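A look at the structure
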Amino acid sequence: MLDILRLRVLAAIAAHGSVTKAAKQLNYSQPAVSHHLARLEAETGAKLVQRVGRGIRLTPEGEHLARRATEILARVDTAAAELSAMVGLRSGRVRVAGFQSSLAVLVPHAAGTLRREHPGIELDLTEAHPRVALDLLRAGDVDVAVVFRYDDAIPDDLRATPLFEDPMYLLSLEPGQTLMGNRDSPWIGGCENCRRDFLDVCAKAGFVPPIAYVSDDVIVQQALVAAGMGVTTTPGLALRTHRAPGIEASVLSDFRRRVYLATYGDPPDPPATAAMIAALRHAVEQVRPGEPTPPA
């Protein structure tokens, strides 16, 4: 049996060309390196090095074994790293912040995948508007943030991975509606943060929508639409969480938002965080939230 430690000594000698440099690289004493080399020659029955002046060089047998040792050690180191990651996933904790509809539609799928594949990982969830979620991320209070933006501007201090584009819909009692076609309709507005982007897209269309009612609750918004009290816009992801009978959803081709995964700090991510990110990506593949929302 070849000893891994002695193969590492031979590979170091081959890489550095001397016992002294190999000892320094391995943090061994020179006598220890010479001892391991002598033991390796005894185990293999081959002369692996020969003295040349005040130095040494590998024999053909030594060069052959050194090449194989490098290959073997690379595989051993890779296996050790993989095993370490697997052991790390037997326990751990990942904290996720996300907006309401992402927690209702995407995160449950991801949580189920995480539970099946890594049952030892503890998952903490926090509902938060994207701006708040990113503040939590920077403060170290969460590990992953699921956020959305209506533009492509991503803060430079974050690592953001696009997940999908979330189409926006105009909810009314009639199909085939447009923003301009409802410029004089009473509107149901959402929260102040989200309403800002809605007002911007209306301004680009050439009108200022009359806001008659304000509610952050998609159930309330849709109930008002169903009662004929006005019209509103909603993202496709939110429409998947609830769709009141009698309302029509008209996709708005020039109005959409982009959903991202955000993390903070230099890669690589901790194993539990990386596992959750993979589970969220898998959830997007399963749910396909960027596709047209199914009818009621």
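Residues numbered from 1 in each chain as written. Predicted model: local features only at pLDDT ≥ 70, side-chain atom pairs only at ≥ 80, totals over all residues. Heavy atoms only, no water.

Quick look at the overall build of the chain
We count it as follows: Secondary structure elements follow DSSP: runs of H or I no shorter than four residues count as helices, runs of E no shorter than two count as strands, and numbering proceeds from the N terminus. Note that the radius of gyration is over C-alpha atoms, with the globule rule given as 2.2 Å times the number of residues to the power 0.38. Burial classification: accessible surface area is computed with a 1.4 Å probe over protein chains only, and a residue below 20% of its type maximum counts as buried, one above 50% as exposed, and the rest as partly exposed. The contact criterion used throughout is that any non-hydrogen atoms of two residues lie within 4.5 Å. Only the protein chains shown count as covering a residue, and every accessible area follows the Shrake-Rupley method with a 1.4 Å probe. Only four residue types enter the tally: Lys and Arg on the positive side, Asp and Glu on the negative side, with His and both chain ends excluded. For charged residues, the charge sits on one atom: NZ in Lys, CZ in Arg, CG in Asp, CD in Glu.
Within the chain, the regular secondary structure consists of 11 helices and 10 strands. Here the chain has a C-alpha radius of gyration of 30 Å; the compact-globule value for 296 residues is 19 Å, and the former is much larger. Each of the three principal axes of the chain carries a C-alpha extent, and together these read 95 × 35 × 30 Å. Scored against the burial criterion, the 296 residues of the chain give a buried share of 40%. Restricting to contacts in the chain with at least 6 residues of sequence separation, those with at least 24 account for 74%. Approximately 16,000 Å² of the chain is accessible, and the part contributed by carbon and sulfur atoms is 52%. The distance from the centre of the 32 positive side-chain charges to the centre of the 34 negative ones in the chain is 10 Å.

Some details on the layout of surface pockets
Stated formally: With a 1 Å grid laid over protein atoms only, a set of points is called a cavity when a 1.4 Å probe fits there but cannot get out and a pocket when it is open yet has protein on both sides within 12 Å along at least five of seven lines; lining residues have an atom within 4 Å of a point. Grid points are joined across faces, edges and corners, and a volume is the space filled by probe spheres set on the points. Ten residue types, Ala, Val, Leu, Ile, Met, Phe, Trp, Tyr, Cys and Pro, are classed as nonpolar, four, Asp, Glu, Lys and Arg, as charged, and the remainder, Gly among them, as polar.
If you add up the space inside the largest pocket, you get close to 600 Å³. When residues of the lining of the largest pocket are traced back to their parent elements, those giving at least two are helix 5 (100-105), strand 7 (187-189), helix 8 (192-205), helix 9 (218-226), strand 9 (232-235) and helix 10 (236-241). Along the lines of polarity and charge, the residues of the lining of the largest pocket split into 14 nonpolar, 11 polar and four charged.

A closer look at the sheet that holds strand 9
What links the strands of a sheet is backbone hydrogen bonding, and the strands pair in either a parallel or an antiparallel sense. Defined as follows: Here a strand pair is declared whenever DSSP counts at least two bridges between the two strands. Convention adopted: a line fitted to C-alpha atoms gives each axis, helices being fitted over their contacting stretch, and angles between N-to-C directions are expressed from 0 to 180 degrees.
Strand order across the open sheet formed by six strands is 4-3-5-10-6-9, with mixed pairing between neighbours. In this open sheet, the two edge strands, each paired with only one partner strand, are strand 4 (121-127) and strand 9. Looking at each pair of strands side by side, their axes are set apart by 25° on average, direction ignored. In terms of strand pairing, strand 5 (residues 144-149) meets strand 10 (residues 248-264) through five bridges, oriented antiparallel. When the bridges of strand 10 are listed, Val147 appears paired with Tyr260.

Focus: the confidence of the model for the chain
Caution is warranted with low-pLDDT regions, since their predicted coordinates should not be read in detail. The test is simple: Per residue, pLDDT measures the predictor's confidence, with a range of 0 to 100.
The predicted model of the chain averages 89 in pLDDT, with 96% of residues at 70 or higher. Mean pLDDT per element in the chain: helix 4 (residues 60-88) is the minimum at 80, and helix 9 is the maximum at 95.

Notes on the packing of helix 2 (residues 19-26) against helix 3 (residues 30-44)
For the record, the criterion: By definition in this entry, angles of less than 35 degrees are roughly parallel, angles greater than 145 are roughly antiparallel, angles of 65 to 115 are roughly perpendicular, and the rest are oblique.
For the pair helix 2 and helix 3, interaxial distance at closest approach is 9 Å and the crossing angle is 105°. The orientation of helix 2 relative to helix 3 falls into the category roughly perpendicular. Counting all contacts with helix 2, which are made through Val19, Thr20 and Ala23, the residues of helix 3 involved are Gln30, Val33 and Ser34. Across the contact of helix 2 with helix 3, the residue classes break down as three nonpolar, three polar and no charged.

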